[in-house]
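A closer look at the structure
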Amino acid sequence: MLASLAARASASARHFSSSTSSSPLLRRSVLVLNAGSSSLKLKLFEEAAEGERDVTEEPLLVPVASALVERLGTDKATLRSWRKGGGKGSQGGSGESGGGGQKMGAAERVSAGDVRAALSAALPRLGLSPSSSSSSPRRQLTAVGNRIVHGGELSEPRDWRDAATRAAVSAATALAPLHNPSGAAGADAALEAFPEALAHVAVFDTAFHVASMGAEAFTYALPASMRSLSSSSSPSSSSSSSCSPPFPLPPYAAAASIPLRKYGFHGSSFKHAVSAASRLLGLPPTPGEEGALDAIAFHLGAGASAAAIHRGRSVDTSLGATPLQGLVMATRCGDVDPAVPLLLAAERGRDAEGVLRALNRDAGLAALAGPGVAPSGDMRDVIAAAEREEREEEEEEEEFGEGAKAPRNSSGARLALDVYVHRIRHYLGAFLLGRHLNGRAHAIIFTGGVGENCPLVRARALEGLEHLGIEVDERLNAAAVGCREEALRIDTGRGAGSIAVAVVPADEEGVIAREAWRVAMRGAERGGGGERR
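No experiment lies behind these values; they were computed from the predicted model shown. (Residues numbered from 1 in each chain as written. Predicted model: local features only at pLDDT ≥ 70, side-chain atom pairs only at ≥ 80, totals over all residues. Heavy atoms only, no water.)

**With respect to the overall build of the protein**
- A count of helical and extended segments in the protein gives 16 helices and 18 strands.
- Burial status across the protein gives 52% buried among its 533 residues.
- Counting contacts in the protein only where the partners sit at least 6 residues apart, residues at least 24 apart contribute 70% of the total.
- In the form shown here, the protein has an accessible surface area of approximately 23700 Å², with 51% of it arising from carbon and sulfur atoms. (Helix = DSSP H or I, 4+ residues; strand = E, 2+ residues; numbered from the N terminus. Buried < 20%, exposed > 50% of the residue type's maximum accessible area, 1.4 Å probe, protein only. Contact = heavy atoms within 4.5 Å. Areas by Shrake-Rupley, 256 points an atom, 1.4 Å probe, with all protein chains shown as cover.)

Put into structure tokens, the structure is as follows:
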């Protein structure tokens, strides 16, 4: 099947140069998929018209539509969407941003038993129809970019139709059993729907770090016999696994093993943050160039990680072989003594998969805040509860006097916030004093849902560091919520040696779209669909 799809893509490439990209109906576009275990996010980008393009070498791709299917695999699946210039779901509700500052429309019930069904339900909302449909296409779909969380040691985007790419993803599933199967299912569904697209590209969260981290940063101090894991060890290989997503990975031929080492994640987010901060500060844009950005970047969302950036490249990161290490996350524990899971399993008679499930889904902010306070680990719920706790304590001090407080139940929200901030500061210090930055940096960057929209976390993370040249401007920080700028500074800028503090709205989909576009363009120049390696 892959051979026939590749032939059709090659035929499309031969006709590519004759397409009328200036026509609004045939303007070339890129579809980005982010398939999770219970959701499917899609965003459609369109090539900018000649008069809209900038002078940089970056392809200017404009978001024109997006869709989100949630509760995938249940009978309560819903679909929300947004389209530029009109169409169903184009008028904003209170949902997620669909691009261009717009909001997605109200949720509607849909049938989405699997990723393919979810894709079929969402495509009409984007103005797209599968190649097999009799509907007239409104756009020429040039490429599809697929977010794949774990690519093992692959360090750049790869053609999804390449057997070696699929084998690497299958092997890496042992380290990302909750993420890779869904990503692969989405990529397969898109390939089936749009076989004529010039390129179907896998863009890996891990690649940004794998491409540049040194062995001193990524190596675990394990015996040589324990530095690799058999690909058959993936929990998803067992239908009874408690860690398995609802859609198992298709039976690709997998590599025999995968190295056990630090890989890191959130690569597309960090790549955008580095690029945007470099432009904000007027630094050289090319990674590796003398004078390029030195920074510590924090992607803070439901998942969270930190990265040390030297000359625009990742040299260390907080997440490890799996998306579990490092910072405290919404429902993931972050750093723990590696003996703890083993001791828990031995004491309570739980198998390894049961302990892994607890560390991934029942830990983090949700666990620290206490039962019912923040079930999903949402930072907004944690902060609201922490503020309630503080008010209650102040009221008790007024009523009983300090030191004579009435006993009360604490949800632990303040502790949750304290631990969260402590872990951020821990990695900030470790990375700032690492051998690449040596105590000097151009910027500290915050991105991701919490990083972009939570002034309290940013302020507490950098509190008291003025002697290091790090000082947050209280007014600018408070105003930096839901910002629409590509990047903005929230520091005071005092002193010649000060370190900038920047807030960068995440744009992982934009990065994936540009990566897919580049692969498609290189493939078109060679007269074939995408690139084969």
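**Thoughts on the packing of aromatic side chains**
- Applying the stated criterion across every chain yields a total of 2 aromatic pairs.
- Seen from the ring of Phe-218, Arg-261 lies directly overhead, with NZ or CZ sitting 3.7 Å from the centre.
- Note that Arg-261 overlies the ring of Tyr-263, its terminal NZ or CZ placed 4.9 Å from the centroid. (Phe/Tyr/Trp six-rings, centres within 6.5 Å; stacked < 30°, edge-to-face > 60°. Lys NZ or Arg CZ within 6 Å of the ring centre and 35° of its normal.)

**As for unusual backbone geometry**
- Unusually for a residue other than glycine, Arg-71 sits at a positive phi of about 55 degrees.
- Within the fold, Arg-71 resides in the loop between strand S3 (61–70) and strand S4 (78–83).
- You will see that His-266, though not glycine, has its phi angle at about 60 degrees, which is positive.
- Structurally, the position occupied by His-266 is in the loop between strand S12 (257–259) and helix H7 (267–281).

**Description of a negative patch on the surface**
- Among the surface-exposed residues, Glu-387, Glu-390, Glu-394, Glu-395, Glu-398 and Glu-399 lie close enough to one another that they form a single negatively charged patch.
- Position of Glu-394 among the secondary structure elements: in helix H11 (residues 379–400). (Patch = residues over 30% accessible without salt bridge, like charges linked within 9 Å, V, L, I, M, F, W, Y side chains within 5 Å. Salt bridge = Lys/Arg side-chain N within 4 Å of Asp/Glu carboxyl O. Lys, Arg positive; Asp, Glu negative; His and termini not counted. Charge placed at Lys NZ, Arg CZ, Asp CG, Glu CD.)

**Comments concerning the packing of H11 against helix H12 (residues 413–432)**
- Their axes nearest at 7 Å, the elements H11 and H12 cross at an angle of 125 degrees. Taken as axis vectors, H11 and H12 run oblique relative to one another. When the axes of H11 and H12 are compared, the crossing they make is left-handed. Taken together, the residues of H12 that come into contact with H11 (itself represented by Met-379, Val-382, Ala-385, Ala-386, Glu-389, Glu-390 and Glu-393) are Ala-413, Arg-414, Ala-416, Leu-417 and Tyr-420.
- Along the lines of polarity and charge, the residues of the contact of H11 with H12 split into 8 nonpolar, no polar and 4 charged. (Axes fitted to C-alpha atoms, helices over the stretch in contact; angles between N-to-C directions. Parallel < 35°, antiparallel > 145°, perpendicular 65-115°, else oblique. Left-handed = near helix turned anticlockwise from the far one by under 90°. Nonpolar A, V, L, I, M, F, W, Y, C, P; charged D, E, K, R; others polar.)

**Some details on the pairing of strand S10 (residues 199–204)**
- Counting buried positions over the 6 residues of S10 gives 6, a clear majority of the element.
- Residue alternation in S10 divides its side chains into two sets, Ala-199, Val-201 and Val-203 and His-200, Ala-202 and Phe-204, and both sets are buried.
- As paired elements, strand S8 (residues 140–148) and S10 share 6 bridges and run parallel to each other. What sits directly across from Val-144, in S10, is His-200.
- With 2 bridges connecting them, strand S9 (residues 158–159) and S10 associate as antiparallel partners. Looking at the pairing, Asp-159 lines up with Val-201 of S10. (Pairing = 2+ DSSP bridges.)

**Structural notes on the environment of Tyr-420**
- Topologically, Tyr-420 is positioned in helix H12.
- For the pair Tyr-420 and Val-457, spaced 37 residues apart in the sequence, the C-alpha separation amounts to 8.7 Å.
- Leave out the neighbours within four places in its chain, and Tyr-420 touches Leu-300, Val-328, Leu-365, Met-379, Val-450 and Val-457.

**Here we look at the packing of H7 against helix H16 (residues 508–526)**
- The geometry of H7 relative to H16 is characterised by a closest axis approach of 8 Å and an angle of 95 degrees between their N-to-C directions. One element, H7, and the other, H16, form an angle in the roughly perpendicular class. Counted together, Ser-268, Ser-269, Lys-271 and His-272 of H7 and Glu-508, Val-511, Ile-512, Arg-514 and Glu-515 of H16 form the full contact between these two elements.
- Of the residues assigned to the contact of H7 with H16, the class counts are 2 nonpolar, 3 polar and 4 charged.

**Quick word on the environment of Leu-68**
- Its location among the elements puts Leu-68 in strand S3.
- Separated by 39 residues in the primary sequence, Leu-68 and Ala-107 have C-alpha atoms spaced 9.1 Å apart.

**Focus: the sheet that holds strand S1 (residues 28–35)**
- Taking strand neighbours across the sheet as the criterion, the 8 strands line up as S7-S4-S3-S2-S1-S8-S10-S9 in an open arrangement whose pairing is mixed. Of all strands in the sheet, those with a lone pairing partner are strand S7 (108–109) and S9, marking the two edges.
- Where S4 meets S7, 2 bridges bridge the pair, whose relative direction is antiparallel. Along S7, the bridge assignment pairs Thr-78 with Arg-109.
- The strands touched by H16 are S1, strand S2 (39–47), S3, S8 and S10; relative to S8, the strand with the most contacts, the crossing angle is about 125 degrees.

**A closer look at the confidence of the model for the protein**
- Model confidence for the protein is summarised by a mean pLDDT of 85, while 80% of its residues fall at 70 or above.
- Here residues 88–95 is a poorly scored stretch, pLDDT under 50, and it has 25 contacts once near neighbours within four places are set aside; other chains count.
- Across residues 235–246, where pLDDT falls below 50, the model places 29 contacts with residues more than four positions away in sequence or in other chains. (pLDDT = per-residue confidence, 0-100.)

**Digging into the environment of Ala-306**
- Considering the arrangement of structural elements, one finds Ala-306 in strand S14 (residues 304–310).
- Look at Ala-306 and you get buried, because its relative accessible area is 0%.
- Each C-alpha atom of the pair Ala-306 and Leu-319 lies 7.6 Å from the other, and the pair is 13 residues apart in sequence.

**Notes on the nonpolar core**
- In this structure, Phe-298, Leu-300, Met-379, Tyr-420, Val-457 and Leu-462 are the most contacted members of the largest nonpolar core, which totals 50 residues.
- Of all the secondary-structure elements, those providing two or more residues to this core are strand S13 (295–300), S14, helix H10 (364–369), H11, H12, strand S16 (443–447), helix H14 (455–461) and strand S18 (500–503).
- At 10 residues, the largest contribution of residues to this core is made by H12.
- Setting aside chain neighbours within four positions, we find Phe-298 in contact with Phe-270, Ser-305, Ala-306, Leu-327, Ile-424, Leu-428, Ile-444, Ile-445, Phe-446 and Thr-447.
- Of all hydrophobic cores here, the second largest spans 30 residues; its members include Leu-119, Val-144, Ala-193 and Ala-197. (Core = buried A, V, L, I, M, F, W, Y, C linked by side-chain atoms within 4.5 Å.)

**Things to note about the pattern of salt bridges**
- Per the stated rule, a full pass over the model turns up 21 salt bridges.
- We note a salt bridge from Arg-116 to Glu-192, for which the minimum N-O separation is 3.1 Å. One end of the pair, Arg-116, is in helix H2 (residues 115–122); the other, Glu-192, is in helix H4 (residues 180–193), and 76 residues separate them in sequence.
- For Arg-489, the salt bridge identified is with Asp-491, shortest N-O distance 2.7 Å.
- Overall, Arg-489 belongs to the partly exposed group, its relative accessible area being 35%.
- Note on Asp-491: relative accessible area 6%, which makes it buried.
- Connected through salt bridges with shared partners, the residues Lys-271, Glu-515 and Arg-518 form a single ionic network.

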